[in-house]
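Chain residues, written in single-letter form:
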Amino acid sequence: KWLTISKDNDYYFYDENYDQVVIVPIINKNNLVMVNQYRKPLKKYCLEFPAGGVNQNESPSKAAIRELYEETGIKVKNVQKIFKQTKLSINPQRSKAYPYAFMAKIDNKYIEILRKFSKKKFSKEIESVNIIKIKDFLKLVKKGKIVSSYMIAIFYMYLLKEKLINFKEIKWKK
């Protein structure tokens, strides 16, 4: 049973009965690997970072490594947590889940493999595996290709961790 629906008076919420992971794969510090995954509620494909559930008796880091391989064909030995204490909720209005977020530095040898995968339908849910330039991420958000606020938040947490942006230097318009 992977999902529990609960009711508190007239308010419904759900609990995913297993932990979740998301992994941000990075190639050469300026490219991301994302999957084009079908989302039934939206009735469309959306670009997302590889993600999924943690199996019983599996650590979150091992689950991230497994999910990366299952969804992209990329094998890594190690992953790093993007943040240690900060928790990001996917949907605090309806769920108490706080998925684990990891990043992995991907070897250049996978670039050609990924280009081949991007031409093929990967599974029923995953249409393609894509190499995205970090500088193009927001353009894809604006075009409606990346729609998950959680994926966008994870992306910004990665940028902060790697010191690729500094909020103190941002000039806010009045």
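The rules we used
- Residues numbered from 1 in each chain as written.
- Predicted model: local features only at pLDDT ≥ 70, side-chain atom pairs only at ≥ 80, totals over all residues.
- Heavy atoms only, no water.
- Core = buried A, V, L, I, M, F, W, Y, C linked by side-chain atoms within 4.5 Å.
- Buried < 20%, exposed > 50% of the residue type's maximum accessible area, 1.4 Å probe, protein only.
- Helix = DSSP H or I, 4+ residues; strand = E, 2+ residues; numbered from the N terminus.
- Patch = residues over 30% accessible without salt bridge, like charges linked within 9 Å, V, L, I, M, F, W, Y side chains within 5 Å.
- Areas by Shrake-Rupley, 256 points an atom, 1.4 Å probe, with all protein chains shown as cover.
- Salt bridge = Lys/Arg side-chain N within 4 Å of Asp/Glu carboxyl O.
- Phe/Tyr/Trp six-rings, centres within 6.5 Å; stacked < 30°, edge-to-face > 60°.
- pLDDT = per-residue confidence, 0-100.
- Pairing = 2+ DSSP bridges.
- Expected span 1.5 Å × (residues − 1).

Draft legend 1. Layout of the nonpolar core. Counting residues in hydrophobic clusters, the biggest one holds 22 residues, and the most contacted among them are V24, L32, M34, F49, I82, I154 and Y158. When residues of this core are traced back to their parent elements, those giving at least two are β3 (20-27), β4 (31-39), β8 (100-106), α3 (137-142) and α4 (149-161). Take this core: its biggest share by element is 7 residues, from α4. Judged by nonpolar contacts, the second largest core, of 21 residues, contains V21, V33, V35 and V54.

Draft legend 2. Examining a nonpolar patch on the surface more closely. A surface patch of nonpolar side chains, amounting to about 420 Å² of accessible area, comprises L160, F167, I170 and W172. The topology assignment puts W172 in the segment after α4. On the accessibility criterion, W172 (65% relative accessible area) is exposed.

Draft legend 3. Spotlight on the packing of aromatic side chains. One pass over the full model with this rule turns up 4 aromatic pairs. With a centroid separation of 5.1 Å and 65° between ring planes, the pair formed by Y38 and Y45 is classed as edge-to-face. Classification of Y38 by relative accessible area gives partly exposed; the value is 30%. When the centroid spacing of 6.2 Å and the interplanar angle of 10° are considered together, the rings of F49 and F137 count as stacked. Of the two residues, F49 is situated in the loop between β5 (44-48) and β6 (51-53) and F137 in helix α3; the sequence distance between them amounts to 88 residues. Each member of the pair F49 and F137 is classed as buried.

Draft legend 4. How the structure looks around the confidence of the model for the chain. Across the chain, the average pLDDT comes to 81, with 78% of residues at 70 or higher. When mean pLDDT is compared element by element in the chain, α3 scores highest at 95, while strand β2 (residues 11-16) scores lowest at 59.

Draft legend 5. Structural context of the pairing of β3. Across the 8 residues of β3, 8 count as buried, placing the element largely inside the fold. Of the two faces of β3, both are covered, the one formed by Q20, V22, V24 and I26 as well as the one formed by V21, I23, P25 and I27. Across 3 bridges, the pairing between β3 and β6 is antiparallel. By the bridge assignment for β6, V21 is matched with G52. Pairing of β3 with β8 involves 7 bridges; the strand directions are parallel. The residue bridging P25 from the neighbouring strand is A104, located in β8. In terms of strand pairing, β3 meets β4 through 2 bridges, oriented antiparallel. When the bridges of β4 are listed, I27 appears paired with N31. Remark: 3 residues form the turn of the hairpin made by β3 and β4, two consecutive strands paired antiparallel; N28 in that turn has positive phi of roughly 55°.

Draft legend 6. View of helix α1 (residues 60-72). Here α1 spans 18 Å end to end across 13 residues, near enough to the 18 Å set by a 1.5 Å rise per residue. Taken residue by residue, α1 has A63, A64, I65, R66, E67, L68, E71 and T72 as its buried positions. Once α1 ends, the next one or two residues include G73, with phi positive near 85°.

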